[in-house]
Amino acid sequence: MSSHYLMLLGATFLLSLPLMSGRSDALDLNGAWVSDADNCAKVFERKGAQLGFTDMSDAYGGGFIIDGDQIIGKFARCRIKTRKDSGANVNLIATCATDMMLSSIEFSLKELDANSLARLFPGMEDMEIRYQRCPAR
C-alpha cells in the first residue's frame, strides 16, 4: 500500500469517529433556569452586568444559574467537578458551599428540548423537577 492511501484511510477513520460515537454535541446548560418560564422576571434580576436573584425569588419557585462550571443558587454556590454526557442525560458531581457547610452533590439531568430539562433523582423513579431556561436579557 502506498503512504498516500494509508493517510487517506487514516483521515477517513478519524473523521468518522464523531459519527460512530453517537451524539457529538453536549447539552448546553448555561443560563438561568426556573420551574415556570413565566416567572423569570420574578426570580432573576440584573445587577449591573451580573444576573442574580430577586428578594422574593423563592415565592415563585426559585431557580438556579449555570455559568460554565458554576451552579449558583440563592443560598449555595457549586463548582462542577465532573460531567458525563450520555445521550440526553447529563450526570454532574459538584462541590457546593453554603454559609454553613461544604458538600458534594450529584445532579442527574435529562434534556427535554433545547430550553427545558428535568432533574432526576436516582432511586426515586417517579420524582423529577422540570426547569425551563429563561430568555437572555
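Going by the structure above, here's the rest.
Read on for a plain summary of the structure. Predicted model only: the values in this text are computed from it and were never measured.

Under the counting rule described, the total for this entry stands at 2 disulfides. Each disulfide pairs two cysteine sulfurs, and for Cys40 the partner residue is Cys134, the sulfurs being separated by 2.0 Å. Across the S-S bond of Cys40 and Cys134 the torsion is about -95°, and the bridge reads as left-handed. Here the residue Cys40 occupies a position in helix α2 (residues 40-43), and Cys134 occupies one in the segment after β10 (128-133), the gap between them amounting to 94 residues. On the basis of relative accessible area, Cys40 is assigned to the buried category, the value being 8%.

All right, on to the side chain of Ser57 then. Note on placement: Ser57 falls in the loop between β3 (50-53) and β4 (63-67). Looking at Ser57, the relative accessible area reads 0%, which means it is buried. Setting aside residues no more than four positions away along its own chain, Ser57 makes contact with Lys42, Val43, Gly62 and Lys74.

Counting through the fold element by element, Met127 comes out in the loop between β9 (116-120) and β10. Of the residues examined, Met127 reaches a relative accessible area of 38% and is grouped as partly exposed. In this structure Met127 touches Arg119, Leu120 and Phe121, once residues within four positions along its chain are discounted.

Quick look at the sheet that holds β10 now. Read around the closed barrel, 8 strands run β1-β4-β5-β6-β7-β8-β9-β10, paired in antiparallel fashion. Going from strand to strand, the sheet's axes swing by 35° on average, the running direction of each strand aside. Bridging between strand β7 (residues 89-97) and strand β8 (residues 102-113) involves 9 bridges; their strand directions are antiparallel. Residue pairing in the sheet places Ile93 in a bridge with Glu106 of β8.

What counts, and where the lines are drawn
- Residues numbered from 1 in each chain as written.
- Predicted model: local features only at pLDDT ≥ 70, side-chain atom pairs only at ≥ 80, totals over all residues.
- Heavy atoms only, no water.
- Disulfide = S-S within 2.5 Å.
- Helix = DSSP H or I, 4+ residues; strand = E, 2+ residues; numbered from the N terminus.
- Buried < 20%, exposed > 50% of the residue type's maximum accessible area, 1.4 Å probe, protein only.
- Contact = heavy atoms within 4.5 Å.
- Pairing = 2+ DSSP bridges.
- Axes fitted to C-alpha atoms, helices over the stretch in contact; angles between N-to-C directions.

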